[in-house]
Amino acid sequence: MAAKEKVILAYSGGLDTSIIIPWLKENFDYEVIAVCGDVGQGKETEGLEEKALKTGASKLYIEDLREEYVTDFIWPTLKAGAVYEGKYLLGTSHARPCIAKRIVEIAEKEGATAICHGCTGKGNDQVRFELTIKALAPHLKIIAPWRMWDIKSREEEIEYAEARGIPVPVTKEDNYSMDRNIWHLSHEGMDLENPANEPQLDKILKLMVSPEKAPDKATYVEIEFEKGVPVAIDGKRYDSAVELLTRANELAAANGVGIDDIVENRLVGMKSRGVYETPGGTLLYAAHKELEYLCLDRQTLHYKLNVANQFADLVYDGLWYTPLREALSAFVDSTQETVTGKVRMKLYKGSCTPAGTTSPYSLYDEEIATFSEDEVYDQKDADGFINLFGLPLYVRAMMRKKNGEKLI
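Structure report, in brief. (Residues numbered from 1 in each chain as written. Predicted model: local features only at pLDDT ≥ 70, side-chain atom pairs only at ≥ 80, totals over all residues. Heavy atoms only, no water.)

1. Some remarks on helix 11 (residues 323-335)
The terminal C-alpha atoms of helix 11 lie 19 Å apart, and with 13 residues this matches the ideal 18 Å at 1.5 Å per residue to within 8%. Buried within helix 11 we find Arg325, Leu328, Ser329, Val332 and Thr335. Across the axial projection of helix 11, the buried residues extend over an arc of 115°, all falling on one side. Those residues of helix 11 that are exposed and aimed more than 90 degrees away from the buried face are Pro323 and Ser334. Residues of helix 11 that are buried sit in contact with helix 3 (66-80) and helix 10 (298-316). (Helix = DSSP H or I, 4+ residues; strand = E, 2+ residues; numbered from the N terminus. Expected span 1.5 Å × (residues − 1). Buried < 20%, exposed > 50% of the residue type's maximum accessible area, 1.4 Å probe, protein only. Arc of directions from axis to C-beta. Contact = heavy atoms within 4.5 Å.)

2. Remarks on the sheet that holds strand 6 (residues 177-180)
Strand order in the open sheet made by the four strands is 6-7-12-11, with antiparallel pairing throughout. Strand pairing shows two members of the sheet lacking a second neighbour, strand 6 and strand 11 (259-265), which therefore form its edges. With direction set aside, neighbouring strand axes in the sheet form an average angle of 25°. The pairing of strand 11 with strand 12 (residues 271-277) spans seven bridges and is antiparallel. By the bridge assignment, Asn265 is partnered in strand 12 with Lys271. (Pairing = 2+ DSSP bridges. Axes fitted to C-alpha atoms, helices over the stretch in contact; angles between N-to-C directions.)

3. As for the nonpolar core
Among the nonpolar cores identified, the biggest contains 76 residues, and Ile8, Tyr69 and Leu283 are the most heavily contacted of them. Every residue in contact with Tyr69, bar those within four places of it in the chain, is listed here: Val39, Ile74, Gly91, His94, Ala95, Cys98, Asn181, Ile182 and Trp183. (Core = buried A, V, L, I, M, F, W, Y, C linked by side-chain atoms within 4.5 Å.)

4. Quick notes on the layout of surface pockets
For the second largest pocket, the calculated volume is near 530 Å³. Forming the boundary of the second largest pocket are 26 residues, of which Gly81, Val83, Leu89, Tyr285 and Lys289 lie nearest the centre. Of all elements in the fold, only helix 3, strand 11, helix 9 (279-295) and helix 10 reach the threshold of two or more residues within the lining of the second largest pocket. The leading source of residues in the lining of the second largest pocket is helix 9, at seven residues. Partitioned by chemical class, the residues of the lining of the second largest pocket number 13 nonpolar, seven polar and six charged. (1 Å grid on protein atoms, 1.4 Å probe; cavity = no way out; pocket = protein on both sides within 12 Å on 5 of 7 lines; lining within 4 Å. Points joined across faces, edges and corners; volume = space filled by probe spheres on them. Nonpolar A, V, L, I, M, F, W, Y, C, P; charged D, E, K, R; others polar.)

5. Looking at the side chain of Thr278
With respect to the helices, strands and loops of the structure, Thr278 is situated in the loop between strand 12 and helix 9. Since its relative accessible area comes to 5%, Thr278 is described here as buried. Not counting chain neighbours up to four residues away, the residues in contact with Thr278 comprise Leu89, Trp183, His184 and Gly258.

6. Some points on the packing of aromatic side chains
Scanning the model with the defined rule gives twelve aromatic pairs in all. Ring centres of Tyr84 and Tyr316 lie 3.6 Å apart, and the angle between their planes is 5°; on these two criteria the pair is classed as stacked. Taken together, the residues Tyr84 in the loop between helix 3 and helix 4 (95-110) and Tyr316 in helix 10 connect sequence positions 232 residues apart. Aromatic side chains Tyr88 and Tyr316 sit 6.0 Å apart centroid to centroid with 90° between the ring planes, which places their arrangement in the edge-to-face category. In this pair, Tyr88 is assigned in the loop between helix 3 and helix 4 and Tyr316 in helix 10, connecting sequence segments 228 residues apart. Side by side, Tyr88 and Tyr316 carry an identical accessibility label, which is buried. The ring of Tyr316 has Arg128 lying over it, and the distance from NZ or CZ to the ring centre is 4.8 Å. Geometry around Trp320 places Arg325 over its ring, the cationic atom sitting 4.1 Å from the centre. (Phe/Tyr/Trp six-rings, centres within 6.5 Å; stacked < 30°, edge-to-face > 60°. Lys NZ or Arg CZ within 6 Å of the ring centre and 35° of its normal.)

7. Description of unusual backbone geometry
Positive phi outside glycine occurs at Glu85, with the angle close to 50°. Structurally, Glu85 is set in the loop between helix 3 and helix 4. Exposure remark for Glu85: the relative accessible area of 38% places this residue in the partly exposed category. Non-glycine residue Leu90 carries a positive phi angle of around 65°. With respect to the secondary-structure elements, Leu90 resides in the loop between helix 3 and helix 4.

8. Remarks on the environment of His94
Counting through the fold element by element, His94 comes out in the loop between helix 3 and helix 4. Measuring from C-alpha to C-alpha, the distance between His94 and Leu15 comes to 22 Å, with 79 residues separating the pair along the chain. Not counting chain neighbours up to four residues away, the residues in contact with His94 comprise Tyr69, Phe73, Ile74, Thr77, Leu89, Trp183 and Val315. Among the polar contacts listed, one links the side chain of His94 to the side chain of Tyr69, at a separation of 2.9 Å. Separated by 3.1 Å, the side chain of His94 and the backbone oxygen of Leu90 make a polar contact. (Polar contact = N/O pair within 3.5 Å; in protein donor to acceptor, adjacent residues only side chain to side chain.)

9. Concerning the pattern of salt bridges
Per the counting criterion, the structure on display carries 26 salt bridges. A salt bridge links Glu105 to Arg102; the nearest nitrogen and oxygen atoms lie 2.7 Å apart. Note that Glu105 and Arg102 are positioned in helix 4 at a spacing of three residues, about one turn of the helix. The exposure class of Arg102 is buried, given its relative accessible area of 19%. Residues Arg147 and Glu130 are paired through a salt bridge, measuring 2.9 Å at the closest nitrogen-oxygen approach. Remark: Glu130 occurs in helix 5 (residues 125-136) and Arg147 occurs in the loop between strand 5 (141-143) and helix 6 (154-163); sequence separation between them is 17 residues. You can call Arg147 partly exposed: its relative accessible area is 46%. Residue Glu130 is classed as buried on the basis of its relative accessible area, which comes to 11%. (Salt bridge = Lys/Arg side-chain N within 4 Å of Asp/Glu carboxyl O.)

In structure tokens:
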């Protein structure tokens, strides 16, 4: 008997992938190999092997990708200052190419002919997974059950699972769609689908406290960066990026820092509403920005703001493995050569504000900037500067006046 072809399933053990294994077995003559990429889901990976095997997988890989995820995906995005539509810190977006890369590697190792994912046809993740697969293994077939089966809702998924005795981590009454990793936790669905509804933070928050329940006393945190990468917190250096981010998460979460309620424009053309918990990320982004204010010249800083928006769009759209993203990262790395120093941040009931920044590469010169008497800056020089800078305005105004136009 010929060996069955193998399909690699991106497996989380959540509602979608819990039912995909039996669905694949019922509809395709494949050997199903499940792969869980651990990017910091925590206890969500516990018991997955037993569950995957019981539902029909021949084996399960649980791959610890946390250090790679933080170092190779989060830090480059942080250095770029990339924020999608001004609010979203891209927690799901840059996790997907990291996971998909390892899935492709295992598919090659196992000699698989296809990769399957549980992303819905309405979401962004289907694009992120599939573009990574196309970039790294264009010969592999892609199976997307949500674009094939007759199931239309999460309620029907739950019924499908119950009919087959498959335990799932949600119920019909409490089935927020959540995605968790070391960087963030997202919440979508249920009452959040109506943007008029205020999020029930005490009900949905998993990583952190609400601002109202944060301590009444401010917490001060010092973040040290080297070339744009955080390396120490409160004087303690971390060899592990995961350990540093974990500590940043703890400090910010305890102070209610890092909650964003977003109505975002999905790549597939619709708006969606979600609540994101990104405690450590919010702290590190804010600190990094303050250090750049001190260390980058005006032209570079302003141009980098444009790059940040483009970078965010690329990451959001699943275009990590593209020449443009790589080129932008090279530019960003160049700008970060002098982004070294220490930033003190004040955390208080959801707010995260600067409380002092120092750097050996600071471009701030107190002797020049001072309002007191100085011997460096000759204020008379401003006359010629303003005359030349305003010359186009002067010439245009004289032309308009010559032609009889009213200037005011």
